[in-house]
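Secondary and tertiary structure notes
In case you want the letters, here they are:
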Amino acid sequence: NTAADIAADPHVLSRDFIVETDTPEHHVRVVANPIAFLDSPPSTDVATASPRWPLLGEGTDRVLRERLDLDDVQLAHLRQTGVIQ
């Protein structure tokens, strides 16, 4: 299915599985978690339904510091040479 197919699907619409949220750069519509329990409507509040997903590159510095033990100078060099953003 394409995103348009999913957004138009009768089951998706009847269960309110499309939720909307804002990121620092965009307003987005996403499909909520399809797992629903009896007598428990799906949450349409993304903030309470699940933690915010990371933005592209948000964890780059943390991961490179933790996994490769890189310091500020090394990270700056990687940015200057276009290896990371």
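A brief look at the structure comes next.

**Considerations on the overall build of the protein**
Secondary structure summary: the protein contains 5 helices and 2 strands in total. In the protein, buried positions account for 15% of the 85 residues. The long-range share in the protein, meaning contacts at least 24 apart out of those at least 6 apart in sequence, stands at 28%. Counting only carbon and sulfur atoms, one obtains 55% of the accessible surface of the protein, whose full area is about 7000 Å².

**Quick look at the pattern of salt bridges**
Considering all chains together, one arrives at 4 salt bridges under this definition. Between Arg79 and Asp61 there is a salt bridge, and its shortest N-O distance comes to 2.5 Å. Within this pair, whereas Arg79 is found in helix α5 (residues 72-80), its partner Asp61 is found in helix α4 (residues 60-68), the two being separated by 18 residues in sequence. For Arg65, the salt bridge is made with Asp72, and the minimal N-O distance between the two is 2.5 Å.

**Comments concerning the pairing of strand β1 (residues 18-22)**
As judged from the 5 bridges shared by β1 and strand β2 (residues 27-31), these two strands associate in the antiparallel manner. Bridging from a neighbouring strand, Asp22 pairs with His27 of β2. The turn joining β1 and β2, which pair antiparallel and follow one another in sequence, is formed by 4 residues.

What counts, and where the lines are drawn
Residues numbered from 1 in each chain as written. Predicted model: local features only at pLDDT ≥ 70, side-chain atom pairs only at ≥ 80, totals over all residues. Heavy atoms only, no water. Helix = DSSP H or I, 4+ residues; strand = E, 2+ residues; numbered from the N terminus. Buried < 20%, exposed > 50% of the residue type's maximum accessible area, 1.4 Å probe, protein only. Contact = heavy atoms within 4.5 Å. Areas by Shrake-Rupley, 256 points an atom, 1.4 Å probe, with all protein chains shown as cover. Salt bridge = Lys/Arg side-chain N within 4 Å of Asp/Glu carboxyl O. Pairing = 2+ DSSP bridges.

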